[in-house]
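Each chain, written out:
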Amino acid sequence: MNNDRERVILHEWPRDPDGPTLPELPPQGVRTPNNMPWGHTLDDFYWIHPFPGAKSKLIWTRSMLDEFGENFGGQPGVPQVEPRRLRPWPLLKVPNDDASFGLVDETCNRDHSLKPRPFHAVKNTELESTENKIESPPEPALMNDDAPPATKESILEGAVKSQDRLLEDDGKDDESAMAKVFVQVDDNITGGAVLEFSIEGETGDRQNCTGLRSTSPKKTDTMWQQVVKKFSTTIASDRNLMIKAEDDTKKDESEGSKAIVETHDDLTPAERQAMESFMTTNYETVQKLEERIPEEYFPDILLVNDPSGFTISDNPFLSRPSRTLPVRYKRVWPKLKRDGEPATLFNNDLHCPSAFHWTLTQTERYAASECRRIATLDLSGAPLLGKGSHSAVRKAGIRLPVPLTTQTGDQHVSVAVKLSFSLSEDRDFLENEGRIYDAFPDHLQESYCGYNLVASMDHPVPVGACVPRFFGYYVPVQEEEEAKHRRETLKSIKKEVERRREREVKREAKKIGVDEAVESTDAYGKLAEEEEDDYSGEDNDDNFSDYPPLPVEEIYSPILLVEECGTPIEPEQFSEDERSECFSLVLRLHHAGFVQNSLYPRNILRQPGPLTVRPSERSLKTPSFRIIDFGRGEFGPLFVEKCLASVWGRMGPPMVLTREEMDKVKEEAEVGKEEVVRWHNNSIRDELWRAARVLHVKDY
Ligand SMILES: Nc1ncnc2c1ncn2[C@@H]1O[C@H](COP(=O)(O)OP(=O)(O)OP(=O)(O)O)[C@@H](O)[C@H]1O
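Within each chain, residue numbers correspond to sequence positions counted from 1 in written order. Only residues with pLDDT of 70 or above have their local features reported here, since the model is predicted, and side-chain atom pairs are shown and tallied only from 80 upward, although totals for entire chains, interfaces and linings are computed over all residues.

S.K.: Give a description of the overall build of the protein that names residues and reports values.
M.R.: Here a strand is any run of E in DSSP of at least two residues, a helix any run of H or I of at least four, and the numbering for each starts at the N terminus. When you go through the protein residue by residue, the secondary structure sums to 15 helices and 26 strands. The proportion of buried residues among the 700 residues of the protein is 37%. Two residues qualify as a contact pair if the distance between their C-beta atoms, derived from the backbone, is within 7 Å. In the protein, 76% of the contacts between residues at least 6 apart in sequence involve partners at least 24 apart. Note on burial: count the other C-beta atoms lying within 10 Å of the residue's C-beta; 20 or more is buried, 12 or fewer is exposed, in between is partly exposed, and C-beta positions come from the backbone.

What follows is the structure, given as structure tokens:
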């Protein structure tokens, strides 16, 4: 392998022979949101001696030097510019948004005075035409929210401290340590409905949360309309889920619409509307999504078209039922601000297979559904991108929630869909990966112009995104299973209440010692006595936890949606700059508090770049790299949480702790924290060693 590195530091900053020793905490200078020193070009990086005459050398950027203020050689001044977030080639059309979407990357000049251009004004031959430039709002200020403060406190230390604070608070007020456990008793859980029920009357012209007016479904004669119809009528018999309609259904029947009984798994009118314009994906022409999905329109619900049964894994023993019917999924991550609202309250309960358990009546369900952002995911004919030992990853077309559209007119954009195999370990890995993606700060998914100085490398590296963009982790919704469970729970709660009431009556009767009363409650008393003998005192608790998990092979896989990012690297074929760029991604991940824990060449992908230009103009000569596969990944703060949760777990169910118990928890938490720090350091060290080996990097 050649030593063909071109990204080297060319300049040395002359020191004043009488100048001071450089401060231990270097000047901040200009930094990217990851809080790393940044220079616009390689010429912005300098070697500098820590004190005049010293042999050792440090690396500072020009902005750090300017801030330090020693200019012995009278170096000419340079304009200071800020890092510029690079815009992927525009694909999304976002209504009422002129600041972030639909604009072609403006490219860099020395002072960043160029403005982005609107997509529609760009022709191949006019890329540099200044006529097309628009006065767009200034680039949004770099979001430094995610950047660690310029102190020496690491993310991990911050997390440990915040857990400390939680524990201290708990210590101050024992009552606040008591977790509130409550159960929502819902008599209405079986509420079915007649499918032909119309929502027009009740929604009228009401504006829903998406800002769209509710309209009756269009009668387009598409294949999907037929599928939706078929779905309406056959899903119940398909799964033996036809239930006796109660409540709303009775009402609706009395109003005259009688044809079909709706189950909880049927589509709501809003979902049917989303499905009606559904088309199958044209994989020849579909473009991959590289921009973020604006939070306002981020999908809450995914309706998945999966005729081949990819979502029920590659289990060869499983006879797959025909999957001509869409499956409803709900978003778990990312958590969004609107998740406190009724329509997306489902998001607060990862392990509940229902999207509607907070919405008790059909009317509420339909209204909630209307307020959700509904996307459709097409897995029919979805090409395989790769397979691991726990999952398969496919390219699939997604139609994002209205009113998002694309610049190309194609309804679909493509994304990578990760589906786990059917063992619980496979599922755990995918869930962990969703959690890790949710924890990634924005800057790990963004690219910036210029170069970073990433400790402890001795040369600048480009600031490309480290990981694919995250488009959500979704779990399958199984309303009927949940409804069944809730019916059973309700039944046993009622039974238990009855039992207690009877015991109470008997006890009262004995207490007042009135023979007649005893006689009159004799029947009750006998019954209660018998039951008291049987009663272990535990079944009430058990009712909430003994919900038997479905046989694994029956469950659809959760879905992780991320940006499609190319193919696995072959570092032996790479230039030294490419290898060290890949290595810098690992370092940046570690600096942000993450460890990937499975670092092999197959888990670093490469694609033609840069992503700022149209796909046909990209080249592998300017590649773009990403680290993938975070199934085994860890994030320091989440690990602290996990440690402390296990400490609490060992203390038994939530309760008000005594001072003694609280001390014990604190003691165990201390041990947990030490474990975290040890884990963190070991994992980083091991992963760096592995990364250097697989990437053939010798000099970090
Ligand atoms: N975002 C993506 N874009 C393109 N291809 C991808 C993407 N993610 C995964 N792949 C492909 O799918 C393969 C399997 O993915 P991944 O490594 O995440 O699966 P896994 O089952 O978690 O792997 P492991 O065997 O390490 O447990 C990858 O090696 C890659 O070829």
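S.K.: Break down the site of the ligand for me, citing the residues and quoting the values.
M.R.: Whether a residue is near a molecule or strand depends on its C-beta atom, placed from the backbone, lying within 6 Å of it. Close contacts around the ligand come from 21 residues, with Gly386, Gly388, Ser389, Val393 and Asp629 the closest. Taken together, the elements giving at least two residues each to the shell around the ligand come down to strand E14 (384-387) and strand E15 (391-399). Among the elements that line the shell around the ligand, the one with the most residues is E14, at three residues. Residue polarity is assigned by list, with Asp, Glu, Lys and Arg as charged and Ala, Val, Leu, Ile, Met, Phe, Trp, Tyr, Cys and Pro as nonpolar; anything else, Gly included, falls into the polar class. Classifying every residue of the shell around the ligand by side-chain character gives nine nonpolar, eight polar and four charged.

S.K.: Just give me the short version of the nonpolar core, but keep the residues and values in it.
M.R.: Counting residues in hydrophobic clusters, the biggest one holds 107 residues, and the most contacted among them are Leu302, Tyr329, Val415, Val417, Ile559, Val586 and Ile627. Top contributing element to this core by residue count: helix H13 (residues 576-591), with six residues. For this core, the domains that each give at least three residues are domain 1 (1-83) and domain 2 (155-181 + 637-688). When near neighbours in sequence (up to four residues on either side) are disregarded, Val586 contacts Leu599, Ile627, Glu687, Leu688 and Ala691. Think of a nonpolar core as buried Ala, Val, Leu, Ile, Met, Phe, Trp, Tyr and Cys residues, each tied to the set through C-beta atoms within 7 Å. How far each domain reaches was decided by an automatic or database domain assignment.

S.K.: Tell me about the sheet that holds strand E25 (residues 619-627), residues and numbers included.
M.R.: Any two strands with at least two DSSP-identified bridges between them are counted as paired. Read from one edge of the open sheet, three strands run E22-E24-E25, paired in antiparallel fashion. Only two strands of the sheet have a single partner each, and these edge strands are strand E22 (567-568) and E25. Bridge count between E22 and strand E24 (residues 604-609): two bridges; the pairing is antiparallel. Residue Thr567 lies in a different strand from E24, and its bridge partner there is Arg606. Structural elements are reduced to axes, namely lines fitted to C-alpha atoms, with helices fitted over the stretch in contact, and the angle between N-to-C directions of any two is expressed from 0 to 180 degrees. Here H13 sits on the sheet and contacts E24 and E25; the angle it forms with E25, its principal contact strand, is near 25 degrees.

S.K.: I'd like a rundown of the UniProt feature "binding site: ATP" (unreviewed entry) in the protein, residues and numbers included.
M.R.: UniProt positions are given in the numbering used here, feature names are shortened, and annotations may be inferred rather than shown by experiment. UniProt feature "binding site: ATP" (unreviewed entry): in the numbering of this structure it lies at Lys418. Note on placement: Lys418 falls in strand E17 (residues 413-420). Here Lys418 falls in the buried class, since 27 other C-beta atoms lie within 10 Å of it. Look past the residues within four positions of Lys418 in its chain and what remains in contact with it is Ser391, Val393, Leu430, Leu560 and Val562.

S.K.: Which residues make up the confidence of the model for the protein, and what values go with them?
M.R.: Predicted confidence across the protein gives a mean pLDDT of 76, with 69% of residues reaching 70 or more. Segment residues 162-260 is flagged for pLDDT under 50; beyond a separation of four residues in sequence, or across chains, it makes 139 contacts in the model. Every residue gets a pLDDT, meaning the predictor's confidence in that residue, from 0 to 100. Note on residues 531-550: pLDDT under 50 across the span, and 11 contacts to partners over four residues away in sequence or across chains.

S.K.: Run through helix H9 (residues 479-512), naming residues and quoting values.
M.R.: Helical periodicity: at 3.6 residues per turn, an α-helix aligns residues three or four positions apart in one direction. Helix span, expected: 1.5 Å multiplied by one less than the number of residues in the helix. Over its 34 residues, H9 extends 49 Å from the first C-alpha to the last, a length consistent with the 50 Å expected when each residue adds 1.5 Å. Among the residues of H9, those classed as buried are Glu479, Glu480, Glu481, Glu482, Ala483, His485, Arg486, Glu502, Lys506 and Ala509.

S.K.: Explain the pairing of E24 residue by residue, including any values.
M.R.: The pairing of E24 with E25 spans five bridges and is classified as antiparallel. Bridged to Leu605 within E25 is Arg626.

S.K.: Describe in detail the environment of Arg606, supporting the description with residues and values.
M.R.: Within the secondary structure, Arg606 is located in strand E24. By the C-beta count within 10 Å, which is 21 here, Arg606 ends up buried. Between the alpha carbons of Arg606 and Gly388 there is a distance of 17 Å; along the sequence they are 218 residues apart. In this structure Arg606 touches Gly566, Thr567, Ile569, Pro623 and Phe625, once residues within four positions along its chain are discounted.

S.K.: Talk me through the sheet that holds strand E3 (residues 45-48); I want residue IDs and the actual numbers.
M.R.: Reading across from one edge, E1-E3-E4 is the order of the three strands in this open sheet, with mixed pairing throughout. Edge strands, defined here as strands with exactly one partner in the open sheet, are strand E1 (11-12) and strand E4 (58-61). As defined by bridge partners, E3 adjoins E4 across four bridges and the pair is classed as antiparallel. In the strand pairing of E4, Ile48 is matched with Leu58.

S.K.: An account of the pairing of strand E20 (residues 470-476) is requested, with residue identities and associated values reported.
M.R.: Within a regular strand, the side chains alternate between the two sheet faces. Within E20, six of the seven residues are buried, which leaves the element mostly enclosed by the surrounding structure. Bridging between strand E12 (residues 327-333) and E20 involves four bridges; their strand directions are antiparallel. Considered in E20, the bridge of Trp333 is made with Tyr473. Alignment of E20 against strand E21 (residues 559-562), held across four bridges, turns out to be antiparallel. The residue bridging Phe470 from the neighbouring strand is Val562, located in E21.

S.K.: Give me the lowdown on the packing of H13 against helix H15 (residues 659-694), citing residues and values where you can.
M.R.: Relative to each other, H13 and H15 sit at 170 degrees, their axes nearing to 10 Å. For the element pair H13 / H15, the angle class is roughly antiparallel. Along its contact with H13, which presents Phe583, Val586 and His590, the element H15 presents Ile684, Glu687, Leu688, Ala691 and Ala692. Its residues assigned to classes, the contact of H13 with H15 comprises six nonpolar, one polar and one charged. For classification, angles of less than 35 degrees are called roughly parallel, those exceeding 145 degrees roughly antiparallel, those between 65 and 115 degrees roughly perpendicular, and all remaining angles oblique.

S.K.: Now, about H13: what can you tell me, with residues and values included?
M.R.: Between its first and last C-alpha, H13 extends 22 Å over 16 residues, near the 22 Å set by a 1.5 Å rise per residue. Close packing links the buried residues of H13 with strand E19 (461-463), strand E23 (594-595), E24, E25 and H15. Just downstream of H13, Gly593 is the residue with a positive phi angle, here 100 degrees.

S.K.: Describe unusual backbone geometry, naming the residues involved and giving the relevant values.
M.R.: Residue Pro334 follows Trp333 across a cis peptide bond; omega there is 0 degrees. As for its placement among the helices and strands, Pro334 is situated in the loop between E12 and helix H7 (362-370). Note the cis peptide between Ala455 and Ser456, where omega equals 5 degrees. Within the secondary structure layout, Ser456 lies in the loop between strand E18 (448-452) and E19. Unlike most non-glycine residues, Thr107 shows phi in positive territory, near 60 degrees. Counting through the fold element by element, Thr107 comes out in the loop between strand E6 (103-104) and strand E7 (117-118). Its 17 C-beta neighbours within 10 Å are what place Thr107 among the partly exposed residues. Residues other than glycine seldom take positive phi values, yet Asn597 does so here, at roughly 65 degrees.

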